[in-house]
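The chain contents come next:
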Amino acid sequence: MRRFSISSLLAEAFNAHRGWPRQWRSPEPKPKYDVVIVGGGSHGLGTAYYLANEFGITNVAVLEKGWIGGGNSGRNTTIIRSNYLYDESAALYEHALKLWETLSTQLNYNTMYSARGVLMLAHSVHDVQSFKRHIYANRLNGIDNEWLTPEQCKAFCPALSISPDARYPVMGGALQRRGGTARHDAIVWGYARGADSRGVDIIENCEVTGFSRAQDGSISGVETSRGQIQTRRVGVVAAGHTSVVLGRAGLRLPLESFPLQALVSEPVKPVFPCVVMSNAVHAYISQSDKGELVIGAGTDQYTSYSQQGGLHITSHTLDAICELFPQFRRMRMMRSWGGIVDVTPDRSPIIGRTPIDGLYVNCGWGTGGFKATPGSAHVFAHTLATGTPHPINAPFTLDRFRTGRLIDEAAAAAVAH
Amino acid sequence: MASDLSAHSFRLANGGRIDRSRPVRFTFNGRTIDAYAGDTIASALLANGIHLVGRSFKYHRPRGILSHGSDEPNALLDIDRGAGRRDPNNRATVVEALDGLAARSQNHWPSLDFDLGAINDRLAPMFAAGFYYKTFKWPRTFWHRLYEPAIRAMAGLGVAPTESDPDRYTQRNAHCDVLVVGGGPSGLAAALAASESGARVILADEQAELGGTLLHDRISQIDGRAADTWRAETLATIAARPDVIVLPRTTVFGYYNHNHIAMVERVTDHLQAPPAGLPRERLWQVRAKKVILATGAHERPLAFADNDRPGIMLAESVRAYINRYAVAPGRQIVFAGVTGSAYQAAADAKSAGLAVTFVDVRDPTQCGEEVGELRALGVEVLTGHTIIGSVGRKRVAGLIVAPVNGPGDVGAHRTLPCDAIAMSGGWTPAVHLFSQSRGRLQYRDAIDAFVPGASAQSECSAGAANGTYDLAATLDEGWRAGAEAAGTTASRSFAVAPSTRTDSGRARSLPTDRDADRVRAFLDFQNDVTVKDIKLAVREGFQSIEHVKRYTTTGMATDQGKTSNMLALGIVAEALERPVPEVGTTTFRPPFTPVSFGAIVGQARDALFDPIRKAPLHDWAEAQGAVFEPVALWRRARYFPQAGEGMHAAVSRECRAVRSNVGIFDASTLGKIEVVGPDAAEFLNRIYTNAWLKLAPGRCRYGLMLREDGFIFDDGVVARIAEDRFHVTTTTGGAARVLVHMEDYLQTEWSDLKVYLTSTTEQWGVIAVQGPKAREVIEPLVEGIDLSPGMFPHMAVRVGRICSVPTRLFRVSFTGELGYEINVPTGHMRTVWDAIIKQGAPFGITPYGTEAMHALRAERGFIIVGQDTDGTVTPDDAGLGGMVSASKRDFVGKRSLVRPDMLLADRKQLVGLTTADPKLVLDEGAQVVADTKAPIPMKMLGHVTSSYWSDACGHSIALALVSGGRARLGETLHATTPSGFAAVKVVTPVFFDAEGKRVHGGLEHV
Amino acid sequence: MLLITCPYCGARPEIEFRGGGEAHIARPSDPAAVDDQSWAEYLYYRSNPKGVHAERWLHVHGCGRWFNAVRNTVSDSFEQTYRMGEPRPDATKERR
Amino acid sequence: MSERSAISVSVLGAGATYSLRIAPELVASVREAAGFDLTGSINTAISTGAKIAARLGPDEWLLIGPDGQSNALSDEIGAALAGHFHSLVDVSHRNVGISVAGREASMVLNAGVPIDLGDAAFPAGSATRTVLGKAEIVLMRPDADRVYRVECWRSFAPYVRAFLEETAREFNSQ
Ligand SMILES: Cc1cc2nc3c(=O)[nH]c(=O)nc-3n(C[C@H](O)[C@H](O)[C@H](O)COP(=O)(O)OP(=O)(O)OC[C@H]3O[C@@H](n4cnc5c(N)ncnc54)[C@H](O)[C@@H]3O)c2cc1C
Ligand SMILES: NC(=O)c1ccc[n+]([C@@H]2O[C@H](COP(=O)([O-])OP(=O)(O)OC[C@H]3O[C@@H](n4cnc5c(N)ncnc54)[C@H](O)[C@@H]3O)[C@@H](O)[C@H]2O)c1
Ligand SMILES: Cc1cc2nc3c(=O)[nH]c(=O)nc-3n(C[C@H](O)[C@H](O)[C@H](O)COP(=O)(O)O)c2cc1C
Ligand SMILES: [Zn+2]
């Protein structure tokens, strides 16, 4: 791996950039791997990276049906925060946030993690109660999150309207200063490059179409569009397609896949210094380093694999954006798109074993798994490497739907992710 | 014809579609620009000899006007229409010239002419594709403090509006049989055919005038008439037909599911003095039975070094400026390209009297008779030449060409002096909408382009959008599409002379003898992506076209690569040595061109953002100075401060009044459902946790409702009005979802039950009169109901009259006091309310708001669903285990209550908390811990759900969900405060009137 | 925005409807008799197919009726809508 | 607003309004109750004198009668349906009627109503529940005139009315 640095960049500038090697190879699949990861999103690639880097397991393949990062990793609004309510989620997302803070250096790839602060707006007495509950819980979990008055919200995000005449006046906000954004593609490519250089095979255009099983029912390999591959251990990290992939192993899951949309405005000079979320009116907004306002909309109400949704969903969000930021009404939408998110009944992920030996799953991140990427990948790598969950993902079992031990952040606070 | 341009003006003396009788003046960077009605900003600037209009994104290179339409990547201007009507990034090629408008160039400092940012151009070797991924990582804090802000400040083109937009926007839903997108020849022919049979037709075109390419076609004859005459006549015919809507300035920007089409009509931006009442823009949402996509094609640039200088334009655009706007983009124009259409453009330029040279980069053997024809007009035509580069900086001054003698053999350079270059690298059908509709594209080798293949929805493409470039064929195809869409078979064919030159060669990166890894041949002009960036990406392993796009950002600018994508794709194919169709395109997404948020929002602003539901006595409460709080869509009176009172004092006073005398409260927002039918009781029995079969008519009962997962969903009092009729109440926020929940079970699980549900939330206004004096106050007003406790006990309901209006009178209490909830038809609410206030005056009747209501019920330990429960709370958790019928075989949610986790002893249970400091009112949401010295992360036992100052108790009270709480009664725990922790004692969640005697009234005051 | 054919009202825009998730998941007639896993499957487990999907819709801002539909989750196109109680029309057809 | 309004949006006086639920097979034998003609098909309204019977679903009618005789009318309807399982609920105070009249009335409505209001799709005698912007409404077109009746719940009426007035502006000031 050629190290990235200002000096290598300078050297290449004089060399007309002729010397840069590939960031990851494009190998033919080998007949056999110790671990096969299904899904070349950031979680899958990250898992492979940590398997190689921390657990010394390098005979690993990441199988991606299209191009790496082409799933939700490449189409999310990049909001990162860890101020979750429950201990279980807080531990998971904070684990991730801590990793985010050093990820660029660790990967030698600028992930552009930008701790711009995530401000969540309260618009009702109920919101205020709920946010305080979060803030106190976060404090005791060692996670930063502070209460801002409407005036402090305005000072933090000058474009925000705090007019008391608004349809939903701002009654305050919860600010996590360490929260922010990162460049979605950089995470994918950074992990890919890191994993590849440690021996992991990243195989694109390779769709997993089935599983083969040993006599005892455990996994013995995967069938793919590029042939059969033997392995005793498979980690499925296929986000919106998890039901489809695991369906091929005969499993049915507590999952539904919905389109989730986002849009960007035309680029403008810096005007939005942070991330603002409002669950009450349903708006998520930040400004990318290229200058577009990046705006997250909601899910459509029906399951779909079509990566697109209805205009009424985006328009609902823009209503809210323009209400909160009336000066943006003359801004223009430049592009909109959709992803397919896999949603569990309690909106928390499932990370761990499946009923089939050797088959592991990491799914159900729904609308909010980008922020978890390094944490999720790390604990999943641990689970795959050791066969037992990391303490952080231990509660995120499939079995919780049987026992009723749900981790329902949304129900607890009506907080989307 | 000789050119008669004056020294300063590039306006041609004759021709064009501009209205020379209507001069228009606007400013560009403060300088006054003279124009005519019919000009765009771009044509007016060109007429004034201005090519330099902006600086590029990354390198701050001087940039000019590339195109004449909505595909413009370069000429982005800030447009100020005055009075807060300013927005950035407008394409100069589509903004119509208007008096008083102020246009400014963007992305430079201190000025367009002298831009310090241009230093980036010198540093360009550093700024290769994806350079930022490779550096700025160290030291870590520098990224956030230094590098990132610097990168951001450089990016972003224009400046966001700073004022709230004064303009209005509106929307319209429309339906039609045939929607024709694009009013060029194919669209016009389609609309003509479709409307002939009386079909409902909408014809939309994004331009100010319909006609498409016909607007600048001076040579074609259609059915014997000049193209423009045919255009005008056809348009008039179409527009005169009933059920036809013709919409100029209307961009179809989105093709969604099931032929749902979104378009935006620009209504007033082009008007000098728009009539009052007109919106700035209108969003149309059309549901069309059939859509005809006649969106034309976009011309491609050529990729040669420094192909981005001001003055270098697309050939067809040069033709359009000359013919349509009577503007000469230059006096001495070099055409360079591979298309027949460029020859036509060159011929038109020549006949406008301009000096013309033509460079055909094709091998002479690939060129046809157009070469000879153009030479015959006296134009020098070079074939078999490549382009080495251009000269000039803020305006192009020459094109450097060289003959190609064989593979890798580039001959001697020659600089063709010029003041404009017209390039044509081929045509790209505008398949955006087709592709959005999820149709499959197919590659047509002959035109080196993707054209529509299999359809996914009910649409069809015609004309250049379909890869058909010959005008006659375009018309025929449009006609056929229109006729078929309208269900007729009438065929027709159009005679066109002369025939269109449609041949096209294939242009990729042009041969050069310079170092190809160093020269910059631009593809995506706006995002400054060059051929070598693409090659670098491919070299670094970004080989999927989607990866190339994301690594280099090609096609990601405001034009979404309309002019550049196909060329970039060709370069990728070349670099990968793969055929173009194997490389494929990136995904086309809405919008086709950028759309203002305002149009998408439409009316939904301010008061129309979301309905504000006001309780029946809202106006009265407002007049009393009430402070309101939003609850779901409702506004509810929170408290009624008297002069000088804060919330705390007001709420205490209101509570005191209820406990000692009587209070009055507007409870109308509670949801209400009338449940009617012989099986009504059985239905409720299955919906609620508790039993209903034995409830007698005239009696009420508090009911608890679960979701199927066992968690509390809603609650409320239910009254049995008659054997087969119940009056159900729900929480304010729950009204709609409870009805849906009930209908769901009724229609899908128990459709055999004879029950009907009707929402009566707004039929009944509800006045709660609560307090020891409640009966005395209302008794004189009530007719036909005996209020004596024996006849009308607690939890009874009676139908009668109050103040002569019908009432359903409930004797219920959410305060713990003797109380009534008086349901009257909403329209009578005010009358009754006023009468009660009057009657209660001697008793000190006091209006109270939601805050006092909350405090009063908390003193009695009554829960509020959604506050003391949160979707993870079972009846037992909430201390309502007794509400769960043990004898009922089944009800919604029952099975879930015996799941393993529901039976654990450490579940959070509702308890009361009192603070060691009696004055301290805890924060709702405060967390409860056992040991404040424990390390972080600290074990939390639960949280405070409700917390108030209790006037009746003389100390603060709180409800909390605490792990194993009921076993902790008497324990001291600690709750978080803003500054630390406060000691609290766990108590039963009833703070006042533990025996619940007061609801029976007549007790001494406390 | 989808165009949904209500079996009672005809084709109407999606915003008049509320989606109700997968159809034909029978509520156990005696919930007490099913074990925890089966109950969890009733509550939470869904087939979530990439392809043909039977689902419930409520014409909430219309006739107020719940009904079922068969829709392809890849193309989003409806194959059929039918009234509650009617059998899944494509029950014999191949799934996915 | 200009004096000569092309589109008028006005709140109608209170009527006696009922939600009637009854199975289609039962109604087939009843056909009429207290002067309300119940024979219409779904999404139609039949006006008889001052009475409108709008069928909003297979088993749901919205009955709008003249005001002032609320109880008498409901008793009369009840009597006509006696013996047949039904539900009759007075919603006179729940609903507010708003009239939208004028040549372009359907365009004003279509600013927020997503369904086809063209003469073929929504002819005289049509009635349906639908939405207007973010509010649910019942929309009726009692006769062939360009006069529509919008029924909504009381607390939504200010929104519905303001929405219609806002959209009518462009027609009223030209
Ligand atoms: C519009 C939108 C906005 C969002 N905003 C945020 C946000 O602001 N913050 C946040 O934290 N999260 C957000 N999310 C969620 C976040 O994007 C996801 O949770 C996260 O990216 C999931 O990562 P992943 O690697 O698991 O999934 P993906 O990136 O989707 O990767 C899964 C991969 O599996 C591949 N695959 C599927 N089936 C197969 C098969 N059979 N064989 C081989 N490969 C297969 C897919 O092609 C895909 O590349 C958003 C999501 C969307 C869609
Ligand atoms: N000689 C050649 O090689 C060549 C190549 C391409 C095109 N042409 C010529 O172009 C013409 C093709 O006719 P045509 O009718 O197919 O195309 P056209 O370009 O004449 O008309 C297309 C129209 O669609 C409009 N439009 C495009 N996208 C739109 C959108 N999203 N919303 C609203 N309006 C939109 C444009 O404003 C334009 O008016 C013929 O004259 C043909 O000869 C020639
Ligand atoms: C954070 C973020 C920023 C984006 N910015 C741009 C942008 O500036 N220009 C653009 O064309 N697309 C932008 N996109 C959208 C992508 O072009 C693309 O639509 C998205 O990755 C989904 O892929 P698809 O549309 O190819 O399916 C952005 C996407 C994300 C997630
Ligand atoms: Zn219906």
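Residues numbered from 1 in each chain as written. Chains lettered and ligands numbered in written order. Predicted model: local features only at pLDDT ≥ 70, side-chain atom pairs only at ≥ 80, totals over all residues. Heavy atoms only, no water.

## Regarding the overall build of chain D
Here comes step 1: When you go through chain D residue by residue, the secondary structure sums to four helices and 12 strands.
Here comes step 2: Taken over C-alpha atoms, the radius of gyration comes to 16 Å for chain D, in line with the 16 Å a tight globule of 174 residues would show.
Here comes step 3: With the C-alpha coordinates of chain D rotated into their principal frame, the extents come out at 55 × 35 × 30 Å.
Here comes step 4: For chain D, the accessible surface area stands at approximately 6,300 Å², while carbon and sulfur atoms represent 50% of it. (Helix = DSSP H or I, 4+ residues; strand = E, 2+ residues; numbered from the N terminus. Rg over C-alpha atoms; globule rule 2.2 N^0.38 Å. Areas by Shrake-Rupley, 256 points an atom, 1.4 Å probe, with all protein chains shown as cover.)

## Considerations on the coordination of the zinc ion (ligand 4)
Residue and element names in this part refer to chain C.
Here comes step 1: Bound to the zinc ion (ligand 4) are the protein donor atoms Cys6 (SG), Cys9 (SG), His59 (ND1) and Cys63 (SG), situated 2.0 to 2.4 Å from the metal.
Here comes step 2: Taken together, the four donor atoms coordinating the zinc ion (ligand 4) and their angles of 104 to 116 degrees define a geometry best described as tetrahedral.
Here comes step 3: Classification of His59 by relative accessible area gives buried; the value is 0%. (Donors = N, O, S within 2.8 Å, 3.2 Å for Na, K, Ca; no water. Tetrahedral: all angles 85-135°; square planar, octahedral: opposite > 155°, others 65-115°. Buried < 20%, exposed > 50% of the residue type's maximum accessible area, 1.4 Å probe, protein only.)

## Re the site of ligand 1
All names here are of chain A.
Here comes step 1: In the region of ligand 1, 37 residues are neighbours, and Glu64, Asn72, Ser73, Thr77 and Lys371 sit closest.
Here comes step 2: One nitrogen or oxygen atom from the side chain of Ser73 is found 2.5 Å from an oxygen atom belonging to ligand 1.
Here comes step 3: In the model, a nitrogen atom of ligand 1 is placed 3.2 Å from a nitrogen or oxygen of the Thr367 main chain.
Here comes step 4: When the free accessible area of ligand 1 is taken as 1,000 Å², the share hidden by the protein chains comes to 96%. (Near = heavy atom within 4 Å. Polar contact = N/O pair within 3.5 Å; in protein donor to acceptor, adjacent residues only side chain to side chain.)

## Some details on the sheet that holds strand β2 (residues 31-37) of chain B
Residues and elements named next belong to chain B.
Here comes step 1: If you trace the five strands from one edge of the open sheet to the other, you get β2-β1-β7-β5-β6, paired in mixed fashion. Strands with a single pairing partner mark the edges of an open sheet, and in this sheet they are β2 and β6 (86-91). Ignoring strand direction, the axes of neighbouring strands in this sheet form an average angle of 35 degrees. (Pairing = 2+ DSSP bridges. Axes fitted to C-alpha atoms, helices over the stretch in contact; angles between N-to-C directions.)

## Remarks on the domain arrangement of chain D
All names here are of chain D.
Here comes step 1: One can read the domain layout of chain D as domain 1 (8-12 + 94-172) and domain 2 (15-90).
Here comes step 2: A separation of 22 Å is found between the C-alpha centroids of domain 1 and domain 2.
Here comes step 3: Counting from both sides, the interface comprises 12 residues of domain 1 and, opposite them, 12 residues of domain 2.
Here comes step 4: Carbon and sulfur atoms make up 58% of the area that domain 1 and domain 2 hide from each other, which totals about 930 Å². (Domains from an automatic or database assignment. Contact = heavy atoms within 4.5 Å. Buried area = accessible area lost by both parts, 1.4 Å probe.)

## Topic: the site of ligand 3
Here comes step 1: Neighbouring ligand 3 are 18 residues; Gly74(A), Arg335(A), Lys549(B), Gln560(B) and Arg589(B) lie closest to it.
Here comes step 2: Side-chain polar atom of Arg335(A) to an oxygen atom of ligand 3: 2.7 Å apart, as the coordinates give it.
Here comes step 3: Within the side chain of Arg589(B), a nitrogen or oxygen atom sits 2.7 Å from an oxygen atom of ligand 3.
Here comes step 4: Relative to its free-state accessible area of 610 Å², ligand 3 is covered by the protein chains to the extent of 96%.

## Comments concerning the packing of helix α12 (residues 531-539) of chain B against helix α13 (residues 545-552) of chain B
Residue and element names in this part refer to chain B.
Here comes step 1: Relative to each other, α12 and α13 sit at 120 degrees, their axes nearing to 10 Å. Regarding the angle of α12 to α13, the classification is oblique. Crossing handedness for the pair α12 and α13: right-handed. Residues Asp533, Ile534, Ala537 and Val538 of α12 pack against Val548, Tyr551 and Thr552 of α13. (Parallel < 35°, antiparallel > 145°, perpendicular 65-115°, else oblique. Left-handed = near helix turned anticlockwise from the far one by under 90°.)

## Observations regarding the interface of chain A and chain B
Here comes step 1: On the side of chain B, 123 residues touch chain A, which itself brings 107 residues to the contact.
Here comes step 2: Of the roughly 10,000 Å² buried between chain A and chain B, counting both surfaces, carbon and sulfur atoms make up 54%.
Here comes step 3: Linking chain A with chain B are nine salt bridges, by the criterion used here.
Here comes step 4: The partner of Arg332(A) in a salt bridge is Asp87(B), with the nearest N and O atoms 3.2 Å apart.
Here comes step 5: Across the contact surface, chain A and chain B share 59 residue pairs in polar contact (both at pLDDT 80 or more).
Here comes step 6: No other element matches helix α4 (residues 125-140) of chain A, which puts nine residues into the side of chain A that touches chain B.
Here comes step 7: In the side of chain A that touches chain B, the residues fall into 49 nonpolar, 32 polar and 26 charged.
Here comes step 8: With two bridges connecting them, strand β17 (residues 332-343) of chain A and strand β33 (residues 595-596) of chain B associate as antiparallel partners. Looking across to β33(B), one finds that Met333(A) is bridged to Val595(B). (Salt bridge = Lys/Arg side-chain N within 4 Å of Asp/Glu carboxyl O. Nonpolar A, V, L, I, M, F, W, Y, C, P; charged D, E, K, R; others polar.)

## A short note on the side chain of Asn138(A)
Here comes step 1: Relative to the helices and strands, Asn138(A) is located in helix α4.
Here comes step 2: For Asn138(A), the contacting residues outside a window of four places in its chain are Asn83(A), Tyr84(A), Ile143(A) and Asn145(A).

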